[in-house]
Amino acid sequence: LDYDVPFAKNIVANAANATLPSAGLVVPINGNNAHDCSLKVADAWFRDQVMAKVFNGPDWKSGRLAVVLTADEDNKKQGNRVLTSVIHPSQVGKVVTTSLTTYSLSRLVAEVTQMPALRNAVKAPSMSSAFGLPLEPMSDALSRARIPTG
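Numbers given to residues run from 1 along each chain, matching the order in which its sequence is written. For a predicted model such as this one, the threshold for reporting local features is a pLDDT of at least 70, and the threshold for listing and counting side-chain atom pairs is 80 or more; totals across whole chains, interfaces and linings nevertheless cover every residue. With hydrogens and water stripped out, all remaining heavy atoms of the structure feed into the side-chain values.

**Considerations on the pattern of salt bridges**
Right, so step 1: For salt bridges, the criterion is a side-chain nitrogen of Lys or Arg within 4 Å of an Asp or Glu carboxyl oxygen. A complete count under the given rule lists 3 salt bridges for this structure.
Right, so step 2: The salt bridge partner of arginine 47 is aspartate 48, with a shortest N-O separation of 2.9 Å.
Right, so step 3: In this structure, the salt-bridge partner of arginine 64 is aspartate 59, at a minimum N-O distance of 2.9 Å.
Right, so step 4: A relative accessible area of 3% places aspartate 59 in the buried class. For each residue, the accessible area found with a 1.4 Å probe, counting protein chains only, is set against the maximum for its type, and the residue is called buried under 20%, exposed over 50%, and partly exposed in between.

**Digging into the nonpolar core**
Nonpolar side chains in soluble globular proteins generally cluster together in the buried interior.
Right, so step 1: We define the nonpolar core as a collection of buried residues of types Ala, Val, Leu, Ile, Met, Phe, Trp, Tyr and Cys that are connected through side-chain atoms lying within 4.5 Å of one another. Counting 11 residues, the largest nonpolar core consists of Ile11, Ala15, Leu20, Trp45, Phe46, Val50, Met51, Val54, Trp60, Leu65 and Val67.
Right, so step 2: Among the secondary structure elements, those contributing two or more residues to this core are α1 (7-16) and α2 (39-54).
Right, so step 3: Looking at which element gives the most residues to this core, the answer is α2, with 5 residues.
Right, so step 4: Two residues form a contact once any of their heavy atoms are found within 4.5 Å. Beyond its immediate sequence surroundings of up to four residues, valine 67 is in contact with Phe46, Met51, Val54, Ser85, Val86 and Ile87.
Right, so step 5: By size, the runner-up hydrophobic cluster in this structure holds 6 residues, among which are Val86, Met127, Ala130 and Phe131. The helix and strand labels rest on DSSP assignments: H or I over at least four residues marks a helix, E over at least two residues marks a strand, and numbering proceeds from the N terminus.

As structure tokens, then:
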């Protein structure tokens, strides 16, 4: 996995140089993920280590970058609700009433990367539609694509 790198390794340079990938996943270590620390600590890590870096980059300023923040807690009861926030310049106080699932997030990744959705994500409610996210046209995405070599 050439792109499975420690978070801090390239985030500042990639955010500043508009070289962030089409889709990425940031998973905080236990000391910052609200499992083994307070929400205050987790919120500060997200604000200072993720958002402070990406908000200053051209991908964010141009509207090409959206950040999805989700909690993975499950209370094991039917109707469980999980916090999911979509952070994008087009989103100002938007509350979505569409029932979204993990498959919806998988579908969003497929839409952003312009790849076929996998299995149940094909028919899942669309997060991009629910939030009204502008998706980059295929021609623009292909011209910006960074295909690994070697």
